[in-house]
Amino acid sequence: MGNTIVNMKNVSFHYGSRQALSNINFQIKQGDFTGLVGPNGGGKTTLIKLILGLEKPTAGEITIFDTPVQKYKQKSKIGYVSQKANSFNRGFPATVAEVVAMGLTAKLGYFKRLSKEDKRKIKQAIEQVGMAEYTHENIGNLSGGQQQRIFIARALVSEPELIILDEPTVGVDAENVEKFFDLLHELNKQNITLLLVTHDIGTMTQHANQIVCLNKTLHFHGKPSSFQSLSKEQLSDYYGHPLNLVTHQH
Amino acid sequence: MLANFLEYEFLRNTFFTGIIIGIIAPLLGTFVVVRRLSLLADALSHVTLAGIAFGLLMEKKTGSPFFTPFYSGVGFSVIGSVLIERLRSVYKAFQELSIPIILSAGVGLSVIFISLANGFNTDLYNYLFGSVSAVSRQDLYSIIIIAVIVCVVIFLFYKELFLLSFDEEHANVTGIHGKAIHFIFILLKALVIAASIRIVGVLLVSSLMTLPVAASIRIAKGFKQTIIYAIIYGETAVILGLISGYYLEIPPGGTIVMLLIILLILTIISKNVTNRLKERKHRANNEVIE
């Protein structure tokens, strides 16, 4: 197995007096494709905020690349594609190339401008997600699925080792969801570690190599095949309500 | 027509000021518009009016050179922009509430200062609607300094300001100091408003920041192009507006803004026409294929 990229030890988190996460333990290793599932309000987004260092755990310890998360400064090694990427201002006048260039902002640091090498990286990232012909198109003119590819390119351009995606396929039609997962699969093959929050358990179990099921506490952590073989009662128990698991068989 | 503008010093000052604000107002305006803060510029301009009224009052009462209307206008504008940000975080669910609160506070203060000074007549009229003859050499120097600050800061923080405008959450995730950058941005906004008021007046200053962008956004591809087209629109309207305002004896605020409105309407119409032509061509091509 590869190096540990994310390590959570006995992590708990409270919003005021409300407990959002309790005693979470799990690891993400290099090359993993982790699917993070669980009911709404189960703490998935909170967990991601903790990993990104946007919130501090109330108890426990999180390390990123073996460094405590609050001290971790090399943010460009982590790419982030948010849920909100779907609800940005669609009229915003920015070309695909300009949006992808944003991914280099933090890595470059203040007062530095894009070099030729950076521009090459931007071009390459756009090609990698198969959107080269739209490079100079306004982002608002693209479809939801295409926009989501551009946001992946924005995450890729800083050459991250870990990409975190928070429900990236919300509002994307079924056919494009499939293509989107194919793209993630490609990236994963290039040894990029992926952490994906999703509702689409069926598609997830096909692509991921580990599933984490979260509802305030960690209910399941293991291989997709053992997640699929859970009984309906067990799943309903984890989710706190009955759940129909849709599986895609090919 | 330009000869007069270059011959007399007061007109020359106005002309150079016009050229400068024709650049910096749309430049900053692009960031203001895409962040959906257009109306905040309006609120700020009214606070600036209160500052100007305060400066006029102090000038009249004390004769002190430290209280010129220009400097107190800049001061009030900066304080107003800080207060707007505070209010926006107090009313998170009703962020637009900060606009009427600050706007009415600005107008209220202005009325009080104006009546304390028993009215200012022409001076105040010039501040409300702009003037071709109101720019002193001192004002021009201050405006040049403001323009240099605005351009340098935007050049240095371009990529951070751009990211922050597009996606504030992502900016914070990547570890950019969003709050500090945003603060710098609102200070710039206050400075640009104070600089522009001499020529276009309090009531119309926000239009010089927003209308060129409204036109440019219709036709531009990408952010940089939006800025460039906005500056071209702004500059065209300012130069033609100043000249026509002078010859028609109308405050330039009125002529500049109406020119911008005309440019905006022409842009919208021509964009619609070209879109329709494209569609027709597309349809014709499809029919040929079928």
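Reading the values: rules and limits
- Residues numbered from 1 in each chain as written.
- Chains lettered and ligands numbered in written order.
- Predicted model: local features only at pLDDT ≥ 70, side-chain atom pairs only at ≥ 80, totals over all residues.
- Helix = DSSP H or I, 4+ residues; strand = E, 2+ residues; numbered from the N terminus.
- Rg over C-alpha atoms; globule rule 2.2 N^0.38 Å.
- Buried ≥ 20, exposed ≤ 12 C-beta atoms within 10 Å, placed from the backbone.
- Contact = placed C-beta atoms within 7 Å.
- Nonpolar A, V, L, I, M, F, W, Y, C, P; charged D, E, K, R; others polar.
- pLDDT = per-residue confidence, 0-100.
- UniProt positions renumbered as here; feature names shortened; annotations may be inferred.
- Pairing = 2+ DSSP bridges.
- Axes fitted to C-alpha atoms, helices over the stretch in contact; angles between N-to-C directions.
- Expected span 1.5 Å × (residues − 1).
- Right-handed = clockwise from strand over helix to strand, strands pointing away.
- Parallel < 35°, antiparallel > 145°, perpendicular 65-115°, else oblique.
- Left-handed = near helix turned anticlockwise from the far one by under 90°.

### Concerning the overall build of chain A
Of the regular secondary structure elements, chain A holds nine helices and ten strands. A globule of 250 residues ought to have a C-alpha radius of gyration of about 18 Å, and chain A, at 18 Å, matches this closely. Along the three orthogonal principal directions, the C-alpha set of chain A runs to about 55 × 45 × 35 Å. By residue count, 42% of the 250 residues in chain A fall in the buried class. Intrachain contacts of chain A at a sequence separation of at least 6 include 70% that bridge at least 24 residues.

### Section: the interface of chain A and chain B
At the junction of the two partners, chain A supplies 18 residues and chain B supplies 21 residues. Classifying every residue of the side of chain A that touches chain B by side-chain character gives ten nonpolar, five polar and three charged.

### With respect to the confidence of the model for chain B
In this model, chain B carries a mean pLDDT of 88, and residues with pLDDT of at least 70 account for 97%. Interface predicted TM-score (ipTM) for the complex: 0.84; the corresponding pTM is 0.87.

### Points about unusual backbone geometry
One non-glycine residue with positive phi stands out, namely K216 of chain A, at about 70°. Checked against the element boundaries, K216 of chain A lands in the loop between strand 9 (210-215) and strand 10 (217-222). The phi torsion at E249 of chain B lies on the positive side, around 55°, for a residue other than glycine. Within the secondary structure, E249 of chain B is located in the loop between helix 12 (223-248) and helix 13 (252-289).

### Some points on the UniProt feature "transmembrane region" (unreviewed entry) in chain B
Residue and element names in this part refer to chain B. Cross-referencing UniProt, the feature "transmembrane region" (unreviewed entry) maps to residues 15-34, 70-87, 99-120, 140-158, 179-197, 227-248 and 254-273 in the present numbering. Counted over residues 15-34, helix gives 100% and strand 0%. Its end C-alpha atoms are 29 Å apart. Across residues 227-248 one finds 100% helix and 0% strand; the C-alpha atoms that close the span lie 31 Å apart.

### Notes on the sheet that holds strand 4 (residues 59-64) of chain A
Residue and element names in this part refer to chain A. Here four strands make up an open sheet; going across it, the order is 2-1-4-5 and the pairing antiparallel. Two strands close off the open sheet at either side, each with one partner strand: strand 2 (18-29) and strand 5 (67-68). Sheet topology note: the strand 1 (residues 4-15)/strand 2 ladder contains eight bridges and is antiparallel. Along strand 2, the bridge assignment pairs V11 with I24. Together, strand 1, strand 2 and strand 4 form the strand contacts of helix 1 (residues 44-52), whose direction differs from that of strand 1 by roughly 120°.

### Notes on the sheet that holds strand 9 of chain A
In sheet architecture, strand pairing relies on hydrogen bonds along the backbone and comes in two forms, parallel and antiparallel. All names here are of chain A. Strand order in this open sheet of six strands is 6-7-8-3-9-10, and the pairing throughout is mixed. Strands with a single pairing partner mark the edges of an open sheet, and in this sheet they are strand 6 (78-81) and strand 10. The average angle at which neighbouring strand axes cross in this sheet is 15°, direction not considered. Here strand 7 (residues 162-166) runs beside strand 8 (residues 193-197); their pairing, made up of five bridges, is parallel. Looking across to strand 8, one finds that I163 is bridged to L194. Helix 5 (residues 144-156) rests against strand 6 and strand 7 of the sheet, and its axis sits at about 165° to strand 6.

### Things to note about the environment of M8 of chain A
Residues and elements named next belong to chain A. Within the secondary structure layout, M8 lies in strand 1. Between the alpha carbons of M8 and I211 there is a distance of 15 Å; along the sequence they are 203 residues apart. In this structure M8 touches I24, N25, F26, G60 and I62, once residues within four positions along its chain are discounted.

### Things to note about helix 6 (residues 174-189) of chain A
Structurally, the α-helix is built with 3.6 residues per turn, so residues lying three or four positions apart point the same way. Residue and element names in this part refer to chain A. Under the 1.5 Å per step criterion, the end-to-end length of helix 6 is 23 Å for 16 residues, consistent within 8% with the ideal 22 Å. In this fold, the buried residues of helix 6 make contact with helix 5, strand 8 and helix 7 (201-207). Trailing helix 6 by a residue or two, N191 shows a phi angle of about 70°, which is positive.

### What about the environment of D167 of chain B?
Mapped onto the fold, D167 of chain B is located in the loop between helix 8 (158-166) and helix 9 (168-173). Linking D167 of chain B and M209 of chain B, residues 42 residues apart in sequence, is a C-alpha distance of 21 Å.

### Side note on the pairing of strand 8 of chain A
All names here are of chain A. Burial within strand 8 is extensive, with five of its five residues counted as buried. Taking every second residue as pointing to the same face, both faces of strand 8 are buried, with T193, L195 and V197 on one and L194 and L196 on the other. Two elements, strand 3 (residues 33-37) and strand 8, share four bridges in a ladder whose sense is parallel. In the strand pairing of strand 8, G35 is matched with L196. Handedness of the β-α-β unit built from strand 7, helix 6 and strand 8 comes out right-handed.

### Quick notes on the confidence of the model for chain A
Across chain A, the average pLDDT comes to 86, with 94% of residues at 70 or higher. Within chain A, no element has a lower average pLDDT than helix 9 (residues 232-239) of chain A, which sits at 76, and none a higher one than helix 2 (residues 96-101) of chain A, at 95.

### Structural notes on the environment of V37 of chain A
Residues and elements named next belong to chain A. Within the element layout of this structure, V37 appears in strand 3. Sequence-wise, V37 and I201 are 164 residues apart; in three dimensions their C-alpha atoms are separated by 7.2 Å. Ignoring anything within four residues of it in the chain, the contact list for V37 reads T198, I201, M204, I211 and C213.

### As for the packing of helix 2 (residues 9-34) of chain B against helix 7 (residues 137-156) of chain B
The relative placement of two packed helices comes down to the angle between their axes together with the axis-to-axis distance. Residue and element names in this part refer to chain B. Look at helix 2 against helix 7: their axes get within 10 Å of each other, and the N-to-C directions meet at 25°. The angle between the axes of helix 2 and helix 7 places the two elements in the roughly parallel class. Seen from above, helix 2 lies across helix 7 with left-handed handedness. Here N13, F16, T17, I20, I24, L27 and L28 of helix 2 come into contact with helix 7, specifically with R137, L140, I143, I144, A147, V150, C151 and I154.

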